[in-house]
Amino acid sequence: MYLKVGTILLPSPVSVSIDDEIIWSADTGRTLSGDMVGDAVTEKKTLGVKWEFLEETECLLIKRNLLPGFFPLAFYDDGQETQIEGYRATLSKDVLGDIGDGNYYYRSVSVSIIQR
């Protein structure tokens, strides 16, 4: 699996989950009889991405490219390259630290990316 922000290829994640979320109209809900009413407006993607055992330089590459705000993202889904404009939620890092080789490591890094 690959993730590209613009032309920048991010480190290969160990897992990516892709949710195809249906967005409903603002007046969607249940009536007094319990029936659902509303209109499906569109479908958007949410990606859950996880990396493991990254060097600090790889973690910084991710952080520098998944900036606050909107950004272009390309990935493989449904048999083809898919491109969306997205934004990220909280970027979580589990620190491993220096293991004695002079490099700093992260045990895991994870983030959700939501289509605009």
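Cut-off values and rules
Residues numbered from 1 in each chain as written. Predicted model: local features only at pLDDT ≥ 70, side-chain atom pairs only at ≥ 80, totals over all residues. Heavy atoms only, no water. Helix = DSSP H or I, 4+ residues; strand = E, 2+ residues; numbered from the N terminus. Rg over C-alpha atoms; globule rule 2.2 N^0.38 Å. Pairing = 2+ DSSP bridges. Phe/Tyr/Trp six-rings, centres within 6.5 Å; stacked < 30°, edge-to-face > 60°. Buried < 20%, exposed > 50% of the residue type's maximum accessible area, 1.4 Å probe, protein only. Lys NZ or Arg CZ within 6 Å of the ring centre and 35° of its normal. Arc of directions from axis to C-beta. Contact = heavy atoms within 4.5 Å. Salt bridge = Lys/Arg side-chain N within 4 Å of Asp/Glu carboxyl O.

Glancing now at the overall build of the protein. Each helix and strand counted, the protein has one helix and ten strands in total. Secondary structure elements in the protein, listed N-terminal to C-terminal, are β-β-β-β-β-β-α-β-β-β-β. Computed over C-alpha atoms, the radius of gyration of the protein comes to 18 Å, more than 25% over the 13 Å expected from 2.2 N^0.38 for 116 residues, which places it beyond the range of a compact globule. Dimensions of the protein along its principal axes, counting C-alpha atoms only, are 65 × 30 × 25 Å.

Bridging between strand β9 (residues 92-98) and strand β10 (residues 104-115) involves six bridges; their strand directions are antiparallel. When the bridges of β10 are listed, K93 appears paired with V109.

For the structure on display, the rule yields two aromatic pairs. Ring plane angle 90° and centroid distance 5.8 Å describe the contact between F70 and Y87, whose orientation is recorded as edge-to-face. In this pair, F70 is assigned in the loop between α1 (56-65) and β7 (71-77) and Y87 in strand β8 (residues 80-88), connecting sequence segments 17 residues apart. Residue classification places F70 among the partly exposed residues on the basis of a relative accessible area of 43%. In this structure Y87 comes out as partly exposed when scored by relative accessible area, which is 32%. When the ring of Y104 is compared with that of Y106, the centres are 5.6 Å apart and the planes differ by 75°; the resulting orientation is edge-to-face. The class of Y104 is partly exposed, set by a relative accessible area of 34%. The side chain of R116 reaches across the aromatic face of F70, ending 3.7 Å from its centre.

On to α1. For α1, the full list of buried residues reads C59, I62 and N65. All buried residues of α1 lie within an arc of 145° about the axis, which places them on one face of the element. Away from its buried face, by an angle of more than 90 degrees, α1 presents the exposed residues T57 and R64. The secondary structure elements touched by the buried residues of α1 are β1 (3-5), β2 (8-9), β6 (40-55), β7, β9 and β10.

According to the stated counting rule, one finds seven salt bridges in the structure shown. As a salt-bridge pair, D94 and R107 come within 3.4 Å of each other at their nearest N and O atoms. Here D94 is found in strand β9, whereas its partner R107 is found in strand β10, with 13 residues between them in sequence. On the basis of relative accessible area, D94 is assigned to the partly exposed category, the value being 34%. For R107, a relative accessible area of 37% corresponds to the partly exposed category. When salt bridges with common partners are traced through the structure, they connect D20, K45, D77 and D78 into a single cluster.

By themselves, these are just geometric observations and shouldn't be taken as functional.
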